[in-house]
Amino acid sequence: MLQSFKLFFNCNLVLSRSYSGYYVSRVRYLKRLKEDDEACREALKSGNFLLYHKLSPLLRKTSNGIYTLASLKTSDLEHILEKVGKDKHFVNESFLLGCTDKGEPQFSLEVGDLDRSALEQECRGMFVDLRKAFFMLPGPESPLAAKGQALLRWHQTNCFCSATGQPTIRNQSGSFRVCNSSGITYYPKMAPVVIVLVSDGSRCLLARQTMFPLGMYSALSGFCDMGESVEETLHREVAEEVGLEVENIQYSGSQHWPFPQSSFMLACHATVNPDKTQVNIDKAELEDARWFTYEEITEALRKPPLDPRREPPVFWVPPPYAIANQLIQEWANQQQLSRKLHGLE
Ligand SMILES: NC(=O)C1=CN([C@@H]2O[C@H](COP(=O)(O)OP(=O)(O)OC[C@H]3O[C@@H](n4cnc5c(N)ncnc54)[C@H](O)[C@@H]3O)[C@@H](O)[C@H]2O)C=CC1
Ligand SMILES: [Mg+2]
């Protein structure tokens, strides 16, 4: 028994060591591609490309009916570009995203100036709005689709220097743009947002904005003001939006979110005094905010992600790719545990 435990332990150690070695070489390779224009141009020759048409990613339906992000090899992409009347050197306009599990470099390319249906036909895929694509893609592909779009959007909206008005020039990987006139270097930006699931011990507080899909409630959220800490934003946003004072802040995780223009979501849990739960909603920000019971939450979590073509149910929560879902899931797990401890389940 002890020996098999040792064997298991040693195997895992070897595996984790080799994995970490692979991870280090992968990130160092990517760092070189980010900084070295020549190395990045070379990598473009054996790249994998995600295409976007006016920021909508290209998806493909597999033979078993699952949608996936379409990834094209350099030679296939060059061939397709020539077929739709574009010079094959257009691949050099791509931006570096990362690399695949096999260590192959990945790029995103905006093809919005080219004929959409001709491209869809040549690529055997379709360009889908990112908000819809999120519902169609398997979990791990959503963040990649989001990152590709965010990087393209940032470059499209940062073509000029805000100090001189002169054009900014990208490096080959797209990790920055520089104004040769002022010397200012611009790096892709995310706006920090705090998202918090507030609990009174037995219920959690969810809210909805008028712009949310019908029936969807989410955790409270808000952009950080200049100079604020996560804790300060969290206290302020909860006070502004629902008129409550929170305590016991616990960090849960983070997520890049491509909407509205690349947010960096910092997710936390917090509690309120169970005797002070009366919400006072800022109607300019929120349409509604309500306390939900454990039973209501577990039922909402069991529902499959909303199919945009179906009637929405009365109450549902953001789907698993959104960090709000992670917070709600964690809260439900913690409630389940404490119910078991108190013999309620
Ligand atoms: N991934 C997830 O699970 C979730 C993501 N979110 C994202 O968080 C973002 C922020 O949440 P809200 O409650 O709407 O924020 P909020 O409560 O701060 O209100 C938004 C308003 O703040 C102002 N604002 C201040 N700084 C801004 C900036 N850098 N960019 C844009 N607007 C700014 C604008 O007037 C805007 O209308 C949302 O846009 C949404 O995309 C929100 C909930 C869940
Ligand atoms: Mg808000």
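Please read these numbers as outputs of a predicted model, since none were measured by experiment.

Some details on the site of ligand 1
Point 1. Around ligand 1, a shell composed of 19 residues is seen, among which Ser-221, Phe-223, Glu-241, Trp-257 and Ala-324 lie nearest.
Point 2. Within the side chain of Gln-209, one N or O atom sits 3.1 Å away from an oxygen atom of ligand 1.
Point 3. In the environment of ligand 1, an oxygen atom lies 2.8 Å from a nitrogen or oxygen atom belonging to the side chain of Ser-221.
Point 4. Counting residues per element, the ones that place at least two in the shell around ligand 1 are strand 11 (191-199), strand 13 (220-223), helix 7 (230-242), strand 14 (247-257) and helix 9 (323-341).
Point 5. Here the residues of the shell around ligand 1 are counted per class, giving 11 nonpolar, 5 polar and 3 charged.

Here we look at the domain arrangement of the protein chain
It is common to report an interface's size as the accessible area lost on association of the parts.
Point 1. Domain boundaries in the protein chain define domain 1 (22-150), domain 2 (158-188) and domain 3 (191-341).
Point 2. Taking the mean C-alpha position of each, domain 1 and domain 3 sit 33 Å from one another.
Point 3. Residue-level contacts link 9 residues of domain 1 with 9 residues of domain 3.
Point 4. Summed over both sides, the interface of domain 1 with domain 3 buries roughly 830 Å², with 77% coming from carbon and sulfur.

Digging into the layout of surface pockets
Point 1. The space that makes up the largest pocket amounts to roughly 1,000 Å³.
Point 2. Elements that contribute at least two residues to the lining of the largest pocket include exactly helix 5 (130-136), strand 11, strand 13, helix 7, strand 14, strand 15 (263-271) and helix 9.
Point 3. A per-class count over the lining of the largest pocket returns 26 nonpolar, 6 polar and 5 charged.
Point 4. Split by domain, the lining of the largest pocket shows at least three residues from each of two domains, domain 1 (22-150) and domain 3 (191-341).
Point 5. If you add up the space inside the second largest pocket, you get close to 710 Å³.
Point 6. Around the second largest pocket, the lining comprises 27 residues; the ones closest to its centre are Leu-97, Lys-147, Leu-151, Met-190 and His-256.
Point 7. Elements with a contribution of two residues or more to the lining of the second largest pocket: helix 1 (2-35), strand 5 (95-99), helix 6 (141-156) and strand 14.
Point 8. Per-element accounting of the lining of the second largest pocket gives the leading share, 7 residues, to helix 6.
Point 9. Taken together, the residues that form the lining of the second largest pocket break down as 14 nonpolar, 9 polar and 4 charged.

The rules behind these values
- Residues numbered from 1 in each chain as written.
- Chains lettered and ligands numbered in written order.
- Predicted model: local features only at pLDDT ≥ 70, side-chain atom pairs only at ≥ 80, totals over all residues.
- Heavy atoms only, no water.
- Near = heavy atom within 4 Å.
- Polar contact = N/O pair within 3.5 Å; in protein donor to acceptor, adjacent residues only side chain to side chain.
- Helix = DSSP H or I, 4+ residues; strand = E, 2+ residues; numbered from the N terminus.
- Nonpolar A, V, L, I, M, F, W, Y, C, P; charged D, E, K, R; others polar.
- Domains from an automatic or database assignment.
- Contact = heavy atoms within 4.5 Å.
- Buried area = accessible area lost by both parts, 1.4 Å probe.
- 1 Å grid on protein atoms, 1.4 Å probe; cavity = no way out; pocket = protein on both sides within 12 Å on 5 of 7 lines; lining within 4 Å.
- Points joined across faces, edges and corners; volume = space filled by probe spheres on them.

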